[in-house]
2 protein chains.
Amino acid sequence: MLLYEEVSNRINEMIRQGTYRAGERIPSIRGLSRQMRVSVNTVMEAYAGLENLGVIEARPQSGYYVSASLSKAEQRQAAVQQAVEIAPSSVGSRDMALQVMSCISDPSLVPLGGGIPNTDLTPVAKLNRMLSSEARRFPRQSISYPSPQGHKLLRVQIAKRSLNAGCSLAAEDIVITSGCVEAMNLALQAVCRPGDAVAIGSPVYPTFLKSIQWMGLKVLEIPSNGEGMNLDVLAYVIKSNPVKACITIANFNNPLGTLMPEAKKRELVALLAKQEIPLIEDDVYGDLAYGSNRPPSTRAFDDKGLVLYCSSFSKTLAPGYRVGWIVPGRFREKVVQLKSLLNVGTSSPVQLAIAEFLTNGGYDHHLRSIRRFYARQTAQARESVLRNMPQGVRVSLPEGGYILWVEMPESFDSFKLYEEALQKGIGIAPGTIFTLADRYRNCFRINAAFWSEQTEQAMETLGELAGNLINS
Amino acid sequence: MLLYEEVSNRINEMIRQGTYRAGERIPSIRGLSRQMRVSVNTVMEAYAGLENLGVIEARPQSGYYVSASLSKAEQRQAAVQQAVEIAPSSVGSRDMALQVMSCISDPSLVPLGGGIPNTDLTPVAKLNRMLSSEARRFPRQSISYPSPQGHKLLRVQIAKRSLNAGCSLAAEDIVITSGCVEAMNLALQAVCRPGDAVAIGSPVYPTFLKSIQWMGLKVLEIPSNGEGMNLDVLAYVIKSNPVKACITIANFNNPLGTLMPEAKKRELVALLAKQEIPLIEDDVYGDLAYGSNRPPSTRAFDDKGLVLYCSSFSKTLAPGYRVGWIVPGRFREKVVQLKSLLNVGTSSPVQLAIAEFLTNGGYDHHLRSIRRFYARQTAQARESVLRNMPQGVRVSLPEGGYILWVEMPESFDSFKLYEEALQKGIGIAPGTIFTLADRYRNCFRINAAFWSEQTEQAMETLGELAGNLINS
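Quick caveat, the model's predicted, so the values are computed rather than measured.

About the thresholds
- Residues numbered from 1 in each chain as written.
- Chains lettered and ligands numbered in written order.
- Predicted model: local features only at pLDDT ≥ 70, side-chain atom pairs only at ≥ 80, totals over all residues.
- Heavy atoms only, no water.
- Pairing = 2+ DSSP bridges.
- Helix = DSSP H or I, 4+ residues; strand = E, 2+ residues; numbered from the N terminus.
- Contact = heavy atoms within 4.5 Å.
- Buried area = accessible area lost by both parts, 1.4 Å probe.
- Salt bridge = Lys/Arg side-chain N within 4 Å of Asp/Glu carboxyl O.
- Polar contact = N/O pair within 3.5 Å; in protein donor to acceptor, adjacent residues only side chain to side chain.
- Nonpolar A, V, L, I, M, F, W, Y, C, P; charged D, E, K, R; others polar.
- Domains from an automatic or database assignment.
- Buried < 20%, exposed > 50% of the residue type's maximum accessible area, 1.4 Å probe, protein only.
- Least-squares fit on C-alpha atoms with pLDDT ≥ 70 in both.
- Disulfide = S-S within 2.5 Å.

1. Some points on the sheet that holds strand β14 (residues 403-407) of chain A
Residue and element names in this part refer to chain A.
Moving on, step 1. The strand order across the open sheet formed by four strands is β13-β14-β17-β16, and the pairing between neighbours is antiparallel. Every other strand in the sheet has two partners, leaving β13 (394-395) and β16 (429-430) as the edge strands with one partner each.
Moving on, step 2. Sheet topology note: the β13/β14 ladder contains two bridges and is antiparallel. Residue pairing for β14: Arg394 is matched across the bridge by Glu407.

What follows is the structure in structure tokens.
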């Protein structure tokens, strides 16, 4: 456990046990630093995490206080208040967002902007050997038309691993896709028609907004807290709108980094099942948990076949292979038909190679390495953000993945920061591309996967730029 | 040149030179067999081919006559007559067609039904070596996200080969796709919106009908003659309907086997260009010409960027790799965006392997082998059809590819034949799946790619079944 996590846990525990009560002042940063003999930075980081979870709040000129927790009734009231303002939005021209997304994936920039994983730890030579050995072992299968559902060897391996995510799938339940983006598109196409409305956790992963626009769907953005989508708001929204699907990244959300607790996943699945609304889960980050266990999929709590589970090997192994999968539940036949219609099936040699890597390549060992790697990278990146950005910055405290969500004071314009950073050769993802509404202007997303001397320096530059923006 | 082709060419030449004039009787089958010292079967085949091209016609109890060619004016009149009956059709539920397509691709059947190529001649070991060597040579590129447009190495090779199809493309003009089906879908999505009408040569390749249904488009089926789509009908149809795209398989059409002559391609491109209607060409069979030169693409005659050219390596090399491409002309940017949205990009290792095969694998040598192979297979299959099917059968005489279109007398029910053949473990593709209208019930398609002792026997069985159907 990292030092700041220990600090954070201790304080959190004291609050839960009533040592510090709602509205009460907790030790100052310097005070706790002396008490616990840790650095000021460590305490700052611990407090930022607790603040991010909504456990404590900063009051200007005064210090940190345990959040005045609203009563359950008050919470619901507030949620409904939020919800009545949520109307289905068509995704109009998002030229600006598209331009931003294209800019920040420019490989000549310092790579804080895009969402791509770091594949330095991928055992390329081993994977390559398997690409070759499997094509030799199955010469016919490697060159003949793949079945739309995908190679059984691979589906069996994925089914075996589903236990890790709390499921017990059969090979028959799984359809291989050309990456998770294709899986998500298939899911949406299987359950929605143009004009339908979908509910989705906000801030929204921008690639979803592209797909939704392309399909002519409408969006209901559900606000999120430290544990993912606000279910009170969702409950209100699906009662008052004909919602045809709900989309979630429950495990290590992109961009928020949040992990939806098990109980809440169960509640989410039950809530949607009552109205027979399909739940589409993107779980590409689930295997990147920093802890030793990966969190369960929402599919683990689904007994009606309403969850369409989507994932891939792009964040863990080789994005260039374009191999993902979908577990479409009761929509399987339709998804297989759509897959066949779109591109017949997924490329065979890469399917066979990944099946072999899962069988004999030491995938679990590899996962452990990259989990440790990303935990380290993300901790360094967080510390750098807290050290370099002006006071008032808050940054997410993810327990998996490599994405950080940075929140600046309300009046901050992260789009200006994005523009100025670009001039300095640095890419960041401004908050505005994660919504159709006028939100998150004070936020931005950074990618911690490539943390290095270079990104450290870029962070210093960002800190200066942000300081100037605040003072100008 | 095969013997029946020589016979056919001689008679055709005599007709063109006026030795036999329109309406005049030509030698009887037995007569010509004696005159030219060839078998009766050879003459029958030659005459069937000429009849198929509309050059001669059989009159019951009387013999063969040079077709009474209609005057140009009469032809146009007839075309317009046909055209006024063509109304845009929505693709409703095509469950029956889907079921047929799924049945005939069952690998346990004698494979006359599906449209898949024979990959026995693919140098699997060499391709496999390249899969491995290229992944080793470009380890980063093979595992990192591909660019949506595809690897430049591959695009350069495709551009170089475009000279064969009468084009002179640059790598920039090309977008790599996961097979030709994906390329066609991208093309349709780039130029059409739900509700739009597209004109398409009929009989229609059933996969197109699936895509068109999925996209919510309407279809205008343009009848075809021995040289492809009837352009007089097309001209009338695009004048009287807001057609948003035209789709063609100009080279060795599936299912008709027809090759659109160069002059007609030029005319087709010009006709559509006048109204700025995009032309989507599927050219997967172009490289399978039996002659030494492959025919040009319609893209060769396009100077407005209105042709969206689609092809793949699935019919020539390795369908399991799922590598194709599109040359989207003026719609390039949109196609790249759509490709990125659908599945980010095409799998990298297979792109790199095919690029290397095109560079150093002897692709041209390989193409020459499979061209010869398919020419032989198709000739044998044709002969078998003519030998085994009841009198009155006509079969296409393709100059490339491996598909044969069999026409039985008007009253014949090929769907019944399909059903009875299934019982005997034989797959054929009944004509009704190639249209939304009530047409081609007397026709069926067979795949000559896997011609063997087994298919010979299956053809005998089909002949018996057909005979029984006629006599019942």
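2. Examining unusual backbone geometry
Moving on, step 1. Pro203 of chain B follows Ser202 of chain B through a cis peptide bond whose omega is 0°.
Moving on, step 2. Among the structural elements, Pro203 of chain B can be located in the loop between β6 (197-202) and α10 (206-214).
Moving on, step 3. Backbone torsion omega between Asn254 of chain B and Pro255 of chain B reads 15°, so that peptide bond is classified as cis.
Moving on, step 4. With respect to the helices and strands, the residue Pro255 of chain B is situated in the loop between β9 (243-248) and α12 (262-274).
Moving on, step 5. A positive phi is found at Glu276 of chain A, a non-glycine position, where the angle reads about 55°.

3. Considering the interface of chain A and chain B
Moving on, step 1. With 48 residues of chain A at the interface, the matching set in chain B holds 48 residues.
Moving on, step 2. In total, about 3700 Å² of surface goes out of reach between chain A and chain B, with carbon and sulfur atoms giving 62% of it.
Moving on, step 3. When residues of chain A are sorted by the area they lose upon contact with chain B, Ile143, Tyr145 and Leu341 of chain A head the list and together hold 19% of the total.
Moving on, step 4. Applying the counting rule to chain A against chain B returns two salt bridges.
Moving on, step 5. Between Arg140 of chain B and Asp120 of chain A there is a salt bridge, and its shortest N-O distance comes to 3.9 Å.
Moving on, step 6. Where chain A meets chain B, there are 24 residue pairs in polar contact (both at pLDDT 80 or more).
Moving on, step 7. Among the secondary structure elements, those contributing two or more residues to the side of chain A that touches chain B are α6 (124-137), α7 (139-143), α9 (180-191), α10 (206-214), α13 (332-343) and α14 (348-360) of chain A.
Moving on, step 8. Ranked by residues supplied to the side of chain A that touches chain B, first place goes to α6 of chain A with seven residues.
Moving on, step 9. For the side of chain A that touches chain B, the per-class residue count stands at 22 nonpolar, 19 polar and seven charged.

4. Topic: the domain arrangement of chain A
Moving on, step 1. The domain architecture assigned to chain A consists of domain 1 (3-66), domain 2 (93-120 + 366-471) and domain 3 (124-363).
Moving on, step 2. Each of domain 1 of chain A and domain 3 of chain A was reduced to a C-alpha centroid, and the two centroids are 37 Å apart.

5. Examining the sheet that holds strand β16 (residues 429-430) of chain B
Residue and element names in this part refer to chain B.
Moving on, step 1. Spatially, the four strands line up as an open sheet ordered β13-β14-β17-β16, and their pairing is antiparallel. Each edge of the open sheet is held by one strand with a lone partner, namely β13 (394-395) and β16.
Moving on, step 2. Across two bridges, the pairing between β16 and strand β17 (residues 443-447) is antiparallel. Within β17, the position partnered with Ala429 by the bridge is Arg445.

6. Examining the environment of Leu188 of chain A
Residues and elements named next belong to chain A.
Moving on, step 1. With respect to the helices and strands, the residue Leu188 is situated in helix α9.
Moving on, step 2. When its relative accessible area of 2% is taken as the criterion, Leu188 is described as buried.
Moving on, step 3. When the C-alpha positions of Leu188 and Pro278 are compared, they lie 9.6 Å apart, and in sequence the two are 90 residues distant.
Moving on, step 4. Not counting the four nearest positions on each side in its chain, Leu188 is found in contact with Val198, Ser211, Ile212, Met215, Leu217, Ile247 and Ile280.

7. Thoughts on the side chain of Thr122 of chain A
Moving on, step 1. Considering the arrangement of structural elements, one finds Thr122 of chain A in the loop between β4 (110-111) and α6.
Moving on, step 2. With near-sequence residues (within four places) excluded, Thr122 of chain A lies in contact with Leu127, Thr316, Leu317 and His366 of chain A together with Ile143 of chain B.

8. Focus: the pattern of salt bridges
All names here are of chain B.
Moving on, step 1. In total, this model carries 33 salt bridges over all chains according to the counting rule given.
Moving on, step 2. The residue Glu45 makes a salt bridge to Arg382 at a minimum N-O spacing of 3.1 Å. Residue Glu45 is found in helix α3 (residues 40-52), and its partner Arg382 is found in helix α15 (residues 363-388); the two are separated by 337 residues along the sequence. Here Glu45 matches Arg382 in class, with each residue buried.
Moving on, step 3. Its salt-bridge partner being Arg161, residue Asp364 comes within 3.2 Å of it at the nearest N-O pair.

9. Quick notes on the relation of the copies chain A and chain B
Moving on, step 1. For the pair chain A and chain B, the superposition axis carries a translation of 0.0 Å, the fit reaches an RMSD of 0.1 Å, and the rotation angle comes to 180°. What the superposition gives is, in effect, a two-fold axis relating one chain to the other. Minimal C-alpha separation from the rotation axis in chain A is found for Ser132 of chain A, amounting to 2.6 Å.

10. Some thoughts on the state of the cysteines
Moving on, step 1. According to the stated counting rule, one finds zero disulfides over all chains in the structure shown.
Moving on, step 2. With no disulfide of its own, Cys192 of chain A lies 11 Å from the sulfur of Cys246 of chain A, the closest cysteine sulfur.

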